[in-house]
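Listed below are the residues making up each chain.
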Amino acid sequence: MNSKLQWTVVNTCRLVVSATFVFSGLVKLIDPSGTAYKIHDYLEALKLSGFFSGDYIPLFTAIALGVTEFTLGILLFCAIRRRSTIVLMSLLTAIYTPLTLWLAVTNAVTDCGCFGDALHLSNWQTFAKNIVLLGLLALLWWKRKCLSRLVSQSLQWLVSLFTVLYALFLTSLCLYGEPIIDFRPFHVMQHIPTAMQWPEDPEALPEILDFEVQPLDGNADNTTEAILADPSYTFLLIAPHLEQADDSNLESINALCDYAQRYGYRFLCLTASSDSVIHRWQDMTGAEYPFAFTDELTLKTMARSNPGLILLHDGTILGKWSHRTLPKENQLTRSLEKLEIAHPRVETYRRILLTLLLWYIGPLALLILMDRAYMSFQWWRKRRSHVAENSKK
């Protein structure tokens, strides 16, 4: 194999591995709570959940995996610390490979969750993906000197630090609110009745399979059919477990309930908690809104925050908020028809996403260009000096 073809093959493999790690890390950073749920499923399948009380360890692990994968992908792309980066990638993939083989054989967890809700692979596909990655990483290790650096060694630490800080900022932003890119079926602008319809393909499943609301007071106005067919507005407070719900924003929740009652909108809390827990919540918070039972997994898919809020209109999701980002009381001065929160725009979400990406890509590209310009200038000075010395001879 000639050197040019070898360089092309090796660097193509480099881009494939880098893109895989960046994408895998990015979806974990965007939805750390979803990744934590998947890690909890792994712990239950391995009979280890009893050793890890609370949700902090799965969440910390999800964040650590997201930051690590994203950073390693960027380091490989820039060919920073080539030896150490490839070794760390290989170790991480070597850990994933036997785990995914066990999943493929036992099917203990139906979806590995390596790409979150953005891309679903079967367990055997995931295992095959890891085998291919190990092969590509072996090639990259063997021909690591063919990996062209994008930044000089003196700036490698700055790119690494900037990447880690950006990853931590991004995942903190998504933990504070809801994921900035929602790959789940309950995303803004989703028409739930359409997503619940069975496709023509007999082997395919509907996008939303288990959305069912059972009002605890027997009110027929709060059933699944009534909510999805309501041409008016419905506020759904999502709280999978009320005993674990954050109660730091109860005033905002109660203000939203008062606002809904004032304008004749439905306000309903969906939970998987028992009656005793619901009564305790009502006594503690003074909640005057009705409650309905919904499957725990469905609620965790609908909103990552506990509690979270969803605004529906005629079966379409118009808005989603975590308990930290609820609409403020001073915003709710008119009916929803006249408020921006009831009129989502796809362009707004695209602009937010583009802004967040540019916060990373822009500075990184500028840093690389400045570094390459400086290195070219240094090379030009050395060449000029060398020519001048030869001319004197």
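Residues numbered from 1 in each chain as written. Predicted model: local features only at pLDDT ≥ 70, side-chain atom pairs only at ≥ 80, totals over all residues. Heavy atoms only, no water.

**Quick look at unusual backbone geometry**
Okay, step 1: With an omega of 5 degrees, the peptide bond between asparagine 306 and proline 307 qualifies as cis.
Okay, step 2: Note that proline 307 resides in the loop between helix 11 (296-302) and strand 5 (308-313).
Okay, step 3: For alanine 79, which is not a glycine, the phi torsion comes out positive at approximately 60 degrees.
Okay, step 4: Along the chain, alanine 79 falls in the loop between helix 3 (56-78) and helix 4 (82-106).
Okay, step 5: Even without a glycine there, the phi angle at aspartate 314 is positive, about 55 degrees.
Okay, step 6: Turning to its location among the elements, aspartate 314 is positioned in the loop between strand 5 and strand 6 (316-322).
Okay, step 7: For aspartate 314, a relative accessible area of 38% corresponds to the partly exposed category. (Helix = DSSP H or I, 4+ residues; strand = E, 2+ residues; numbered from the N terminus. Buried < 20%, exposed > 50% of the residue type's maximum accessible area, 1.4 Å probe, protein only.)

**Side note on the pairing of strand 2 (residues 233-239)**
Okay, step 1: Among the 7 residues in strand 2, 7 count as buried, and that is most of the element.
Okay, step 2: Of the two faces of strand 2, the one holding Tyr233, Phe235, Leu237 and Ala239 and the one holding Thr234, Leu236 and Ile238 are both buried throughout.
Okay, step 3: Across 6 bridges, strand 2 lies against strand 5 in antiparallel orientation. By the bridge assignment, leucine 236 is partnered in strand 5 with isoleucine 310.
Okay, step 4: Of the strand pairs in this sheet, strand 2 and strand 3 (residues 266-271) are connected by 6 bridges, and their pairing is parallel. (Pairing = 2+ DSSP bridges.)

**With respect to the side chain of threonine 126**
Okay, step 1: With respect to the helices, strands and loops of the structure, threonine 126 is situated in helix 5 (residues 123-142).
Okay, step 2: Assessed through its relative accessible area of 1%, threonine 126 is described here as buried.
Okay, step 3: When sequence neighbours within four positions are dropped, the list of residues in contact with threonine 126 reads Thr100, Cys112, Cys114 and Leu121. (Contact = heavy atoms within 4.5 Å.)

**Details of the packing of helix 1 (residues 3-30) against helix 6 (residues 156-176)**
Okay, step 1: Remark: helix 1 packs on helix 6, axes separated minimally by 7 Å, with the N-to-C direction vectors making an angle of 40 degrees. As summarised for this structure, helix 1 and helix 6 are arranged oblique, according to the angle between their axes. Side by side, helix 1 and helix 6 meet where Leu26, Lys28, Leu29 and Ile30 of the first sit next to Ala167, Leu170, Thr171 and Cys174 of the second.
Okay, step 2: Here the residues of the contact of helix 1 with helix 6 sort into 6 nonpolar, 1 polar and 1 charged. (Axes fitted to C-alpha atoms, helices over the stretch in contact; angles between N-to-C directions. Parallel < 35°, antiparallel > 145°, perpendicular 65-115°, else oblique. Nonpolar A, V, L, I, M, F, W, Y, C, P; charged D, E, K, R; others polar.)

**Here's the deal with the packing of helix 3 against helix 4**
Okay, step 1: Viewed as axis vectors pointing N to C, helix 3 and helix 4 meet at an angle of 135 degrees, and their least axial separation amounts to 10 Å. What the angle tells us is that helix 3 and helix 4 run oblique. The two elements helix 3 and helix 4 meet at a crossing, and its hand is left-handed. On the side of helix 3, the interface is formed by Leu65, Thr68, Glu69, Leu72, Gly73, Leu75 and Leu76, while helix 4 contributes Thr85, Ile86, Leu88, Met89, Leu92 and Tyr96.
Okay, step 2: Here the residues of the contact of helix 3 with helix 4 sort into 9 nonpolar, 3 polar and 1 charged. (Left-handed = near helix turned anticlockwise from the far one by under 90°.)

**What to know about the pairing of strand 6**
Okay, step 1: The buried fraction of strand 6 is high, at 7 of 7 residues.
Okay, step 2: Here strand 5 folds back onto strand 6 in antiparallel fashion, the turn holding 2 residues, of which aspartate 314 has a positive phi close to 55 degrees.

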